[in-house]
Amino acid sequence: MDTKRMIFCLLVAAIISPVFTEEWRASVVKELDALVTSCVVVPCSFTHPKENLPTSRLRGIWHRSTDKNQRIYYEDSTQVLENFRGRTKLLGHLGQNNCSLEITNIKDHDNGPFCFRIELERAKDSFSFVKSCVEFRILPDPPNPTLSQPKTKAIQDRPYTITCSVRHTCPSHVPKLTWSRGTADEVIEVHKETGFGYWEAQSILTIIPEEKDDHSDVTCTAQFNGQKTSSTTVTLNVKRTENYNHIIIPTVAVIGTALISAVFCIFMVKRYKKRIAELQNQEDSAWNNFRLQTVSKKENLKVFKMDEPDHLSFKVGASTDKPETFQPKRISCHG
């Protein structure tokens with residue numbers, strides 16, 4: 001009877017054990033690019049069969065796949081390989097099942113593979129996810145930015161947009177994108193996750209090209225964490241808009257000159273007419289004064305002549321009663 005019970009318990013344990021084992025799972029990106037001198041972030045999440053525990057009761061470890069004791073991250077830095085000390089840290093919270101790892105100042109030998117291991121405090125439960133490890137493709141040089149623009153030519157004095165984008169694996173230190181022209185007000189920056197541990201930084205430049213910008217270069221430069229840079233250049237082809245200034249400006253000048261001349265002529269004519277009227281008024285006034293003076297003189301002369309006989313008779317003392325008559329003397333011609 002005891003033998004049958006033992007066999008039954010072993011069968012149950014054999015059946016239940018894989019179920020619990022399957023609950024220890026980790027989701028880790030298999031492969032990522034890693035730029036030398038820059039950084040890389042490994043997305044990682046996990047599950048375990050125990051109840052939810054706070055971060056303080058969990059220990060996360062990253063180690064080489066070949067030996068769990070060759071740790072590249074652990075909360076006790078003295079147990080970390082010397083080559084990785086100060087260069088690794090967890091970005092997530094273990095209590096939220098986040099085991100994402102950041103490695104900075106990438107070396108050309110940091111290729112991995114590296115695996116995650118979880119340990120539950122005050123329990124003997126631990127698990128290394130050796131089947132879910134990450135390996136790095138080491139990049140000695142940064143990737144060049146990608147420039148995209150409309151298929152049509154840029155048109156003079158009309159908005160034109162150019163997008164600069166670069167892919168990277170370090171969202172904690174986003175590459176900085178700069179332009180050879182334009183201001184901060186003309187640039188929009190976007191940062192988004194594209195999946196599987198890769199991110200994309202975008203810089204969208206909107207400019208107003210002028211005629212002089214035809215066949216000019218526009219360069220986008222990406223500066224990565226660790227000071228490495230790369231750049232890409234595009235040549236602008238600006239289509240000239242129809243310009244009628246060579247017709248409009250002379251026409252406006254002629255019309256303006258004609259209007260000024262017309263206004264000046266009208267002003268001079270009015271002034272001339274006003275002057276003529278003033279002169280005519282002065283002439284009429286002078287003529288009237290002359291006529292009045294002439295008439296006055298004539299009246300005075302007439303009055304003078306009418307008074308003249310009495311004046312003369314009074315002076316010679318002639319009598320007005322009997323006028324003197326002239327009688328000739330007789331002359332005798334006798335012997």
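A.B. asks: It is not clear to me how the nonpolar core should be interpreted in this structure. Could you clarify?
C.D. replies: One broad rule of soluble globular proteins: the nonpolar side chains tend to lie buried together. By size, the foremost hydrophobic cluster in this structure holds 33 residues, and its most contacted members are V42, F46, W62, L101, F116, I118 and F136. The biggest single contributor to this core is strand β9 (residues 114-120), with four residues. Not counting residues up to four positions away in its chain, the partners in contact with F46 are R25, A26, L94, N97, N98, C99, F116, I118 and F129. In this structure, L147, V218, L236 and V238 belong to the second largest nonpolar core, which totals 19 residues.

A.B. asks: So what exactly am I meant to see when it comes to the packing of aromatic side chains here?
C.D. replies: The geometry of an aromatic ring pair is captured by the separation of the ring centres together with the interplanar angle, meaning the angle of the planes. Taken as a whole, this structure holds seven aromatic pairs when the rule is applied. Note on W24 and F127: the rings are 5.5 Å apart at their centroids and 15 degrees apart in plane angle, and the pair reads as stacked. Of this pair, W24 sits in the loop between α1 (2-22) and β1 (25-28) while F127 sits in strand β10 (residues 126-139), and the two are 103 residues apart along the sequence. Relative accessible area serves as the criterion here: at 12%, W24 is assigned to the buried category. On the basis of an interplanar angle of 50 degrees and a centroid distance of 5.6 Å, the ring pair of W62 and F116 is categorised as tilted. Within this pair, whereas W62 is found in strand β5 (residues 58-64), its partner F116 is found in strand β9, the two being separated by 54 residues in sequence.

Here is what the cut-offs are and how they apply
- Residues numbered from 1 in each chain as written.
- Predicted model: local features only at pLDDT ≥ 70, side-chain atom pairs only at ≥ 80, totals over all residues.
- Heavy atoms only, no water.
- Core = buried A, V, L, I, M, F, W, Y, C linked by side-chain atoms within 4.5 Å.
- Buried < 20%, exposed > 50% of the residue type's maximum accessible area, 1.4 Å probe, protein only.
- Helix = DSSP H or I, 4+ residues; strand = E, 2+ residues; numbered from the N terminus.
- Contact = heavy atoms within 4.5 Å.
- Phe/Tyr/Trp six-rings, centres within 6.5 Å; stacked < 30°, edge-to-face > 60°.

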